Structure formats: C-alpha cells, structure tokens
Amino acid sequence: MQAIQLEKPEHFRVIDVPTPAAPGPGEALVRVHRVGICGTDFSGYLGKMPFYSYPRIPGHELGVEVVAVGPGITNVKAGERCSVEPYINCQRCYACERGHSNCCENLQVLGVHTDGGLRPQFIVPARKLHPSAKLTLEQLALVETLAIGCHAVQRGGCQAGENVLVIGAGPIGLSAIEFVKLSGARTIVFDVNDQRLEFCRTAMDVETIRVKDDGSELQELQKLTDGKLVNVVIDATGNNKSMSQALQYVGFAGRLVFVGITTQEVSFGHPLMHRREMTLLASRNALPGDFTRIIRLIEEGRIDTRPWITHHAAFAEMIGQFPRWLKPETRVIKAVVHVG
Ligand SMILES: NC(=O)c1ccc[n+]([C@@H]2O[C@H](COP(=O)([O-])OP(=O)(O)OC[C@H]3O[C@@H](n4cnc5c(N)ncnc54)[C@H](O)[C@@H]3O)[C@@H](O)[C@H]2O)c1
Ligand SMILES: [Zn+2]
Ligand SMILES: [Zn+2]
C-alpha cells in the first residue's frame, strides 16, 4: 500500500506501508477517500509547526468509509461513510475525565503527532467516527475545519442580537463566520487581505472592514456599531499583534476568543480589560458534539459547503500540486486530495 509521507520540512515522498491487520476491540478499519489540506499541513510542510514531528503521514480532515469494525463496536458498521474526529485523547487525564477531550493532556492529533490519512486504509478508534448517510465524501472531509469555528463560536457564546467581530478570514475565520451567522448574531469581518474580504462579502454575505493598521478600523467599527463595539471578538489570525490589539474592539462586558495560534507573546494593557470587565477565552480543536451538530446542519442544508472546496488533486498529483496551494494568488480556500 502506498502512502504520502512528509519526510522532513519541504520534502514529501511516497512510501510503502503494510496493509493493516483486522481491527481489534474498540477499533475500526477505514478506507480513506478524501483528505482536506489546511494551514496545519502547510505549517508542517514549512517546518513552522512547533508540535509537528517528522517523518509524518499527514491528513487530519478525512472523508472515509468503514471497511470493518472490531468486536463489540456498535456506533458504526461496514459500508458507512464517516467524518473522523482526529483528536485521539487518552480518556484518563484530568481534562478527559471532565469531558474536555479536545484538550487532553496527552492529545495525539492524527496527521500531526501520529500518522494520518494520506494512505488508502488505516485503523482508527471507532469512537472517533461520525457517520452520515447523506453527506458526500468531500463534505465529510470538511467537517473538521468547520468544527474549529463551531467550537470557537460556542466558546464565545454568540447569540442573536449581538455584534460579533471575526478577525482573519482564512479557513478558520470562515468556519467561525458560518456559526456566528447561524447564531443569529450580526457578523463583521476584519482582514488585511482584500481578496479574502471580497470572498466574505460575496460568498458569505457579511460586513467587512479592511485592516490598515492605522487605527481607522477601530473608528469604522465604532461607526458600524453606534460606538458600542462588539459583544464578542474571535481572533483567527494567528498574528500576535492582532491578538494584542483585539481587546480594543471588545465592548463592555464582552468576550474575546483566541482561536488562532501564535508562538509569540500576546500583551495588552490591563486597564482596558478591567474597565470593560472582559472575558478572555482560548479555543482548541473541537468536541465530539461539534462533529455531530455540523453533520446535521449540512444534512439539513443550513450550511452550504459549495463555496468552500476550491481545489482538487488526485493522490498521485498531490506532491506536485501542494507547493502551489501555499501561494495566495491561487485563492485556495480548501484543497482536497482524492485518495481513492
Ligand atoms: N484553535 C484551533 O484548534 C486551531 C485549529 C487549526 C488552526 N488554528 C489556527 O488558526 C489560525 C488561522 O488559520 P488559517 O488556516 O485560517 O490561517 P490563514 O493564514 O489562512 O488565515 C489568517 C488570516 O488572517 C489574516 N490576518 C493576518 N494578520 C492580520 C491582522 N493583523 N489583521 C487582520 N487580519 C489579519 C490573513 O490575511 C489571513 O486571511 C492559525 O493560527 C492556525 O494555526 C487553530
Ligand atoms: Zn485542519
Ligand atoms: Zn486525556
């Protein structure tokens, strides 16, 4: 069986891997059909992802089909198409015991800390499979990206009648926008990139403000909100300067969610946070309930996945295509690899 492995930064290769044995207790054998590529894969490729280890078979956004299940498995059966929750948690630590499987202390993310889905078949814990009879394999591969935004919006507690600002309109910001809209809140989006803001206006029908880093964005936001600013800010830039500045946009008694990730320090003057009694939240990965909710929303037609998938590649073409997806001018939102 052939797999694509990231041997070291900027170097993919095709390797031979053994065909998996029959699944044991708690396990399922899956056939991989579609793999979505995201910023985590790009960072791993560029050697900029602190927790990524090499060599690694990438692939954590997966549309799969169950081939066989181990003894006693009842949540899925052979032939079912599934999305995979790639956060393999230990089920024993303090976080897991309290239901926070998204931030397990011993978390192993498929395709990041342990081998992922760029291979025809592999074994996964059956409890990580979320089946749907209606979704296409591409849609199933998109569920994980959407789950990141779903969880962030949940953390922010966005509600109808509120103003919500999403900073950064990459795939993670876009996934947050989907759920802010579903909450019934008014959605305003900041970015430095005109093309991305245009996509937000045309494909997602939200208000946008271009960040010029000259203070004008704060004034424009005040104008749009009658000086009240917003109830919730979700920063999805991964840029520490943006994350430090994000406090300025949070209104009185508002919430700030950091879903983007930086290895740099984020600093801010405390009086602003104190005066407005802000709540600061992190949002990491997603919970099993986010996956089931998203599958239902796509099944019901309440999330339109059509604007999302912009690029496709066959398994054999992926290594050649991948470097192009790093270039902003190719306007990639989501590239999907067809494994089988
Ligand atoms: N919370 C999680 O579990 C989780 C999961 C996956 C990814 N992430 C993180 O989410 C972040 C976003 O991921 P992505 O794939 O969407 O990245 P991306 O680079 O495609 O998108 C970031 C966007 O932010 C914009 N931006 C950058 N600086 C800005 C600024 N100062 N003001 C306004 N906009 C600015 C960029 O133009 C871009 O459109 C990354 O940090 C990534 O590591 C978090
Ligand atoms: Zn991803
Ligand atoms: Zn754990």
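Summary of the structure given here. It should be emphasised that the depicted structure is a prediction, and the values quoted were computed from it without experimental measurement.

1. Digging into the packing of helix H3 (residues 137–156) against helix H9 (residues 288–299)
Then step 1. Packing of H3 against H9 brings their axes to within 9 Å, and their N-to-C directions diverge by 115 degrees. Two packed elements cross with a definite hand, and for H3 against H9 that hand is right-handed. Contacts from Gln139, Val143, Glu144, Leu146, Ala147, Cys150, His151 and Gln154 of H3 reach H9 at Asp290, Phe291, Arg293, Ile294, Ile295 and Ile298.

2. Digging into the pattern of salt bridges
Then step 1. Taken as a whole and assessed by the stated rule, the structure comprises 13 salt bridges.
Then step 2. Here Arg210 and Asp194 are joined by a salt bridge, their closest N and O atoms 3.3 Å apart. Taken as a pair, Arg210 in strand S12 (residues 207–210) and Asp194 in helix H5 (residues 194–204) lie far apart in primary sequence, 16 residues in all.
Then step 3. Judged by its relative accessible area of 46%, Asp194 is partly exposed.
Then step 4. One network of salt bridges, with partners in common, ties together Arg296, Glu300 and Arg302.

3. Brief notes about the coordination of the zinc ion (ligand 2)
Then step 1. Looking at the zinc ion (ligand 2), the protein donor atoms are Cys38 (SG), His60 (NE2) and Glu61 (OE), and they sit 2.1 to 2.3 Å from it.
Then step 2. Spacing between the donor residues of the zinc ion (ligand 2) along the chain follows C-x21-H-E. Placement of Cys38 in the loop between strand S3 (27–37) and helix H1 (39–46) and of His60 in the loop between H1 and strand S4 (61–69) is noted, with a sequence separation of 22 residues between them. There is no split in this pair, since Cys38 and His60 are both buried.

4. Some thoughts on the nonpolar core
Then step 1. Ranked by internal contacts, the top residues of the largest apolar core, which has 90 residues, are Leu129, Ile234 and Trp325.
Then step 2. At ten residues, the largest contribution of residues to this core is made by H3.
Then step 3. Filtering out sequence-adjacent residues up to four positions away, Trp325 remains in contact with Ile37, Phe42, His311, Ala313, Met318, Thr330, Val332, Ala335 and Val337.
Then step 4. Ile188, Val211, Val233 and Phe258 belong to the second-largest nonpolar core, a separate cluster that totals 19 residues.

5. Quick notes on the pairing of strand S5 (residues 81–84)
Then step 1. With three bridges joining them, S4 and S5 adopt antiparallel strand pairing. Bridging from a neighbouring strand, Gly63 pairs with Ser83 of S5.
Then step 2. Inspection of the sheet shows S5 paired to strand S9 (residues 129–131) by three bridges, in the antiparallel sense. Residue pairing for S9: Val84 is matched across the bridge by Leu129.

6. Some details on the site of ligand 1
Then step 1. Contacts to ligand 1 come from 23 residues, most closely from Asp191, Arg196, Val259, Ser283 and Asn285.
Then step 2. In the environment of ligand 1, an oxygen atom lies 2.9 Å from a nitrogen or oxygen atom belonging to the backbone of Ile261.
Then step 3. Between ligand 1 and Ser283 there is a distance of 2.8 Å, counted from a nitrogen atom to a backbone nitrogen or oxygen.
Then step 4. For ligand 1, whose free accessible area comes to 880 Å², the fraction covered by protein is 78%.
Then step 5. Residue composition of the shell around ligand 1, by class: ten nonpolar, ten polar and three charged.

7. Thoughts on the side chain of Asn102
Then step 1. Relative to the helices and strands, Asn102 resides in the loop between helix H2 (94–97) and strand S7 (108–109).
Then step 2. Asn102 sits in the buried class, given a relative accessible area of 5%.
Then step 3. Within the structure, Asn102 has its side chain in polar contact with the backbone oxygen of Arg284 (distance 2.9 Å).
Then step 4. In contact with Asn102, other than residues within four places in its own chain, are Leu107, His151, Arg284, Asn285, Ala286 and Leu287.

8. Considerations on the packing of aromatic side chains
Aromatic ring pairs are described here by two measures, namely the spacing of the ring centres and the angle between the planes.
Then step 1. Tallied over the full model, the rule gives eight aromatic pairs.
Then step 2. Their ring planes at 50 degrees and their centres at 4.9 Å tell us that Tyr45 and Phe322 sit as a pair that is tilted. Pair noted here: Tyr45 is in helix H1 and Phe322 is in helix H10 (residues 318–325), with a separation of 277 residues, a long-range link. The pair Tyr45 / Phe322 is uniform in exposure class, with both members buried.
Then step 3. Relative to Phe291, the ring of Tyr87 has its centre 6.1 Å away and its plane inclined at 70 degrees; by these criteria the two rings are edge-to-face. Of this pair, Tyr87 sits in strand S6 (residues 87–88) while Phe291 sits in helix H9; the two residues are 204 residues apart in sequence, bridging distant segments of the chain.

Definitions and cut-offs
Residues numbered from 1 in each chain as written. Chains lettered and ligands numbered in written order. Predicted model: local features only at pLDDT ≥ 70, side-chain atom pairs only at ≥ 80, totals over all residues. Heavy atoms only, no water. Axes fitted to C-alpha atoms, helices over the stretch in contact; angles between N-to-C directions. Helix = DSSP H or I, 4+ residues; strand = E, 2+ residues; numbered from the N terminus. Left-handed = near helix turned anticlockwise from the far one by under 90°. Contact = heavy atoms within 4.5 Å. Salt bridge = Lys/Arg side-chain N within 4 Å of Asp/Glu carboxyl O. Buried < 20%, exposed > 50% of the residue type's maximum accessible area, 1.4 Å probe, protein only. Donors = N, O, S within 2.8 Å, 3.2 Å for Na, K, Ca; no water. Core = buried A, V, L, I, M, F, W, Y, C linked by side-chain atoms within 4.5 Å. Pairing = 2+ DSSP bridges. Near = heavy atom within 4 Å. Polar contact = N/O pair within 3.5 Å; in protein donor to acceptor, adjacent residues only side chain to side chain. Areas by Shrake-Rupley, 256 points an atom, 1.4 Å probe, with all protein chains shown as cover. Nonpolar A, V, L, I, M, F, W, Y, C, P; charged D, E, K, R; others polar. Phe/Tyr/Trp six-rings, centres within 6.5 Å; stacked < 30°, edge-to-face > 60°.

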